[in-house]
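Listed below, chain by chain, are the residues.
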Number of protein chains: 2
Amino acid sequence: MTVTIREVAEAAGVSVSTVSRAFTAPDQVKPLTLKRVLEAATALGYAANPAARSLRGGGTGTLGLIIPDIANPFFPPIIKAMQARARRLGYTVLMADCDEQEADEIETIASVSKRVDGLVLWASTLSETRLRELAGRIPIVVVNRDVPEVSEVRISLAAGISQAAEHLRAYGHRKCVFINASRPELARGKSIHDSFEAAGLALTEIGPYEPRFETGVHAAPLILAHNATAVLAHNDLVALGVLHQLANLGASVPGDVSVIGIDDTLLASVSTPSLTTIRISPDELAVRSVELLTEAITGRDDDVPARVVEVGSRLVPRASTGPAPNR
Amino acid sequence: MTVTIREVAEAAGVSVSTVSRAFTAPDQVKPLTLKRVLEAATALGYAANPAARSLRGGGTGTLGLIIPDIANPFFPPIIKAMQARARRLGYTVLMADCDEQEADEIETIASVSKRVDGLVLWASTLSETRLRELAGRIPIVVVNRDVPEVSEVRISLAAGISQAAEHLRAYGHRKCVFINASRPELARGKSIHDSFEAAGLALTEIGPYEPRFETGVHAAPLILAHNATAVLAHNDLVALGVLHQLANLGASVPGDVSVIGIDDTLLASVSTPSLTTIRISPDELAVRSVELLTEAITGRDDDVPARVVEVGSRLVPRASTGPAPNR
DNA sequence: CTGAAAGCGCTAACAA
DNA sequence: TTGTTAGCGCTTTCAG
């Protein structure tokens, strides 16, 4: 039923190794023979069996991608971009959602690690020890985790945040609120205070909360109570909650309060008003992580040192920010 | 480096076949032996090599999922649910995004089909002929496509739409607009006219357009021009465009116009006002499609007939619908 | 209940 | 440049 290398060999009147070489090292085959083999292969509809290939030791040709929550709108564009990138490099992507549960993540990694040549772990819930140990068994790249000796893609919000601070200052804002909803190990709060201070803005941090819509809903009256005229939310989703509740409270955006999100997800561009937000390029994230991983896979033997690359951010001004109200 | 069945056999003092059986048919092994083998396996950190397994003919243990666009917020919850379901059945899911391009889809299927035991094809762009031919080579389930002799999960909007019509009628609406943005083969328009007519509502269809936010923006003034007091949009994204532009035009929702979306994506619950929409359960979709596929895979030899299952819908009333304005 | 042995489809020495 | 052949790790008859 399924066409094997042997049948192609027979049809082309050559040996199996020639067929194998025709696909893996075409330059080692006489052009004429190559042509015959390729023709026979297409005629029969031959396609190499990846299981056999990887059993033989050639790698699986697939990259694993471990994601905390695919329903988080931040991830789909990244996954999409990683697939596109990987495909161009001849890889397939095996994506798994772990629901931000460590147990799930451990199980998933176990079941997936034999099917892939390497793993990209997004915001892994695993301990540093475990991650380092995993890195010993299979090439990995972590994103948004800082583990010594493990390759890493780091998201830097610094640029976007300082642009946001600048943007607000230029609009005459003086008092701002930051809604924090990070897991401690991923804290976004650090650079924020510095940037806002540098711009001469008073910043009150509230939280930490869970990064959900309801967090924004909850935070909205607090913003008003603080007499702040601008908010930086942990992410777009939280910012949308703020928008929603501010509307309910009769406060206008950006008339009374300016709102800024983080991530530039689909949500930001389709909200009313559209949301000013800090964008982290999904394409760049994808390209960098795939690049780092394939590098690690390729250079497996000549132990390439772990690398850290940083992916920047920038402000995307939209309609949710404007001049501070006169008092 | 990687531990094989042979090492476990040695450690447990049994033959490789016993180890194999310990994992694939534990009841054929004497309990005591089984225990010894399992202990040795855990001690060594043994895990079966899936490549070897599938080479031997045991199937790959993975299900393929072909999606037109993972960035469409309708899909992530479905993918998530399919993964969860598949995992419980001992399968891994290999998801691939095809960008709604037929060429991409063909290429993707080619590269993926040898790595999976079966395929779920969402709103496939492939021709009926091709799909039927594919079904001859590998078990497949199509969703939102109607191909004779191929198992199918069909989304029925009928219930949700008639509830929507009822909902609007009860609120005193009389003139409605339907914004159509379907690919012809997936047309959502059919049952809509009937349901609205049955509820005694005048329905004007505009379109077809592309299913994008801008479509809603474009449609908003048309709704007003038609003197309609309610809109049913092709999906939530389009509905959000309507909401956005209606706000710009100074029309209140639901004061002047009621808006209904379709899909109940994240967008619907976080918009302002929150969006009344027709929900299609991602979990049910996932369960049904995985079920149909595993059924087809399991019963591969005793050729199970193609099956069609229908997944229903229902209205989720939120804040974007309300009483029709008095004239 | 357990073991020996034959291959699944492919690649990579090694020979020719 | 091409062919022969030995496995990769596993499952599965077939004997015991």
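Residues numbered from 1 in each chain as written. Chains lettered and ligands numbered in written order. Predicted model: local features only at pLDDT ≥ 70, side-chain atom pairs only at ≥ 80, totals over all residues. Heavy atoms only, no water.

- Per an unreviewed UniProt entry, chain A goes by the name LacI family DNA-binding transcriptional regulator and belongs to Catenulispora pinistramenti.

Comments concerning the overall build of chain A
Here comes step 1: When its secondary structure is counted, chain A shows 13 helices and 12 strands.
Here comes step 2: The globule rule puts the C-alpha radius of gyration for 327 residues at 20 Å, and the 25 Å found for chain A is more than 25% above it.
Here comes step 3: Along the first, second and third principal axes, the C-alpha atoms of chain A reach 90 × 40 × 30 Å.
Here comes step 4: Buried positions account for 53% of the 327 residues belonging to chain A.
Here comes step 5: In chain A, of all internal contacts separated by at least 6 residues, the share reaching a separation of at least 24 is 69%.
Here comes step 6: Summing over all exposed atoms, chain A offers an accessible surface of approximately 14,200 Å²; the carbon and sulfur share of this is 50%.
Here comes step 7: Side chains of chain A give 32 positive and 37 negative charges; the mean places of these two sets differ by 6 Å. (Helix = DSSP H or I, 4+ residues; strand = E, 2+ residues; numbered from the N terminus. Rg over C-alpha atoms; globule rule 2.2 N^0.38 Å. Buried < 20%, exposed > 50% of the residue type's maximum accessible area, 1.4 Å probe, protein only. Contact = heavy atoms within 4.5 Å. Areas by Shrake-Rupley, 256 points an atom, 1.4 Å probe, with all protein chains shown as cover. Lys, Arg positive; Asp, Glu negative; His and termini not counted. Charge placed at Lys NZ, Arg CZ, Asp CG, Glu CD.)

Section: the protein's contact with DNA strand C
Here comes step 1: Around DNA strand C, the structure places 24 residues, and the nearest of them are I5(A), R53(A), R56(A), T18(B) and T33(B).
Here comes step 2: The sugar and phosphate moieties of DNA strand C supply 61% of its atoms located within 4 Å of the protein.
Here comes step 3: Note that a phosphate oxygen of DNA strand C is positioned 2.9 Å from one of the backbone N or O atoms of S15(B).
Here comes step 4: Per-element accounting of the surface near DNA strand C gives the leading share, 4 residues, to helix α2 (residues 16-24) of chain A.
Here comes step 5: Taken together, the residues of the surface near DNA strand C break down into 7 nonpolar, 10 polar and 7 charged. (Near = heavy atom within 4 Å. Polar contact = N/O pair within 3.5 Å; in protein donor to acceptor, adjacent residues only side chain to side chain. Nonpolar A, V, L, I, M, F, W, Y, C, P; charged D, E, K, R; others polar.)

Let's talk about the environment of V257(B)
Residues and elements named next belong to chain B.
Here comes step 1: With respect to the element layout, V257 can be found in the loop between α11 (236-248) and β9 (258-263).
Here comes step 2: Overall, V257 belongs to the buried group, its relative accessible area being 1%.
Here comes step 3: In sequence terms V257 and L243 are 14 residues apart; their C-alpha atoms lie 9.4 Å from each other.
Here comes step 4: Look past the residues within four positions of V257 in its chain and what remains in contact with it is I223, L224, A228, T229, A230, V231, L246, S252 and S320.

Section: the domain arrangement of chain A
One widely used convention gives an interface's size as the accessible area the parts lose upon coming together.
Here comes step 1: Split into domains, chain A comes out as domain 1 (1-48) and domain 2 (158-280).
Here comes step 2: Its C-alpha centre places domain 1 of chain A at a distance of 60 Å from the equivalent point of domain 2 of chain A. (Domains from an automatic or database assignment.)

Notes on the relation of the copies chain A and chain B
Note that the two copies of the chain are related through a rotation about an axis and a translation along the same axis.
Here comes step 1: The transform that puts chain A on chain B rotates by 180° and translates by 0.0 Å along the axis, for an RMSD of 0.1 Å. The two molecules are tied by a two-fold rotation axis, judged by turn and shift. Closest to the rotation axis within chain A is the C-alpha of A51(A), separated from it by 2.3 Å.
Here comes step 2: Residue by residue, 98% of the interface of chain A is reproduced at the interface of chain B, so both copies engage with the same surface. (Least-squares fit on C-alpha atoms with pLDDT ≥ 70 in both.)

With respect to the sheet that holds strand β2 (residues 92-97) of chain A
Residues and elements named next belong to chain A.
Here comes step 1: Pairing is parallel across the open sheet formed by 6 strands, whose spatial order is β2-β1-β3-β4-β5-β11. Because the sheet does not close on itself, it has two edges, and the strands there are β2 and β11 (308-311). Taken over all neighbouring pairs, the strand axes of this sheet differ in orientation by 20° on average, direction set aside.
Here comes step 2: Its contacts with the sheet put helix α13 (residues 282-298) on β1 (62-67), β3 (118-122), β4 (140-143), β5 (151-155) and β11, and the angle it makes with β5 is roughly 170°. (Pairing = 2+ DSSP bridges. Axes fitted to C-alpha atoms, helices over the stretch in contact; angles between N-to-C directions.)

Points about the interface of chain A and chain B
Here comes step 1: Tallying the contact residues gives 49 residues for chain A and 49 residues for chain B.
Here comes step 2: Between chain A and chain B, a total of about 3,800 Å² is buried, with carbon and sulfur atoms accounting for 60% of that surface.
Here comes step 3: Of all residues in chain A, K80(A), R87(A) and K114(A) bury the most surface against chain B, accounting for 17% of the area lost on that side.
Here comes step 4: There are 8 salt bridges connecting chain A and chain B.
Here comes step 5: Close ionic contact of D104(B) with R87(A) constitutes a salt bridge, the shortest N to O distance being 3.8 Å.
Here comes step 6: Applying the counting criterion to the chain A and chain B interface returns 21 residue pairs in polar contact (both at pLDDT 80 or more).
Here comes step 7: Looking at the side of chain A that touches chain B element by element, the count peaks at 6 residues for β2(A). (Buried area = accessible area lost by both parts, 1.4 Å probe. Salt bridge = Lys/Arg side-chain N within 4 Å of Asp/Glu carboxyl O.)

Section: the side chain of R145(A)
Residue and element names in this part refer to chain A.
Here comes step 1: With respect to the element layout, R145 can be found in the loop between β4 and β5.
Here comes step 2: In this structure the side chain of R145 is engaged in a polar contact, spanning 2.6 Å, whose partner is the backbone oxygen of S124.
Here comes step 3: Of the polar contacts made by the side chain of R145, one reaches the backbone oxygen of L126; its length is 2.8 Å.

Points about the pattern of salt bridges
Here comes step 1: According to the stated counting rule, one finds 34 salt bridges over all chains in the structure shown.
Here comes step 2: Linking D69(B) and K80(A) is a salt bridge whose minimum nitrogen-to-oxygen distance equals 2.5 Å. In this pair, D69(B) sits in the loop between β1 (62-67) and α5 (75-88) while K80(A) sits in helix α5 (residues 75-88), so the two residues belong to two different chains.

Side note on the packing of helix α1 (residues 5-12) of chain A against helix α3 (residues 31-44) of chain A
All names here are of chain A.
Here comes step 1: Viewed as axis vectors pointing N to C, α1 and α3 meet at an angle of 125°, and their least axial separation amounts to 9 Å. As judged from the angle between their axes, α1 and α3 are oblique. The handedness of the crossing between α1 and α3 comes out as right-handed. Together, E7, V8, A11 and A12 of α1 and R36, V37, A40, A41 and L44 of α3 make up the contact between the two elements.
Here comes step 2: Grouping the amino acids of the contact of α1 with α3 by side-chain chemistry returns 7 nonpolar, no polar and 2 charged. (Parallel < 35°, antiparallel > 145°, perpendicular 65-115°, else oblique. Left-handed = near helix turned anticlockwise from the far one by under 90°.)

Some words on unusual backbone geometry
Where the residue is not glycine, phi is negative for most of them; where a peptide bond is considered, it is trans in most cases.
Here comes step 1: For the peptide bond that leads from T272(A) to P273(A), omega is -5°, which places it in the cis range.
Here comes step 2: Tracing the backbone shows P273(A) in the loop between α12 (266-270) and β10 (276-279).
Here comes step 3: That bond from V253(B) to P254(B) is cis: its omega, 5°, falls within 30 degrees of zero.
Here comes step 4: In this structure, P254(B) sits in the loop between α11 and β9.
Here comes step 5: Notably, E149(B) is not glycine yet its phi reads approximately 70°, a positive angle.

Points about the nonpolar core
Here comes step 1: Counting residues in hydrophobic clusters, the biggest one holds 94 residues, and the most contacted among them are W122(A), F196(A), W122(B) and F196(B).
Here comes step 2: In this structure F196(A) touches I161(A), A165(A), L168(A), C176(A), L201(A), L203(A) and L232(A), once residues within four positions along its chain are discounted.
Here comes step 3: Membership of the second largest hydrophobic core comes to 50 residues, among which are A219(A), A233(A), A251(A) and L243(B). (Core = buried A, V, L, I, M, F, W, Y, C linked by side-chain atoms within 4.5 Å.)

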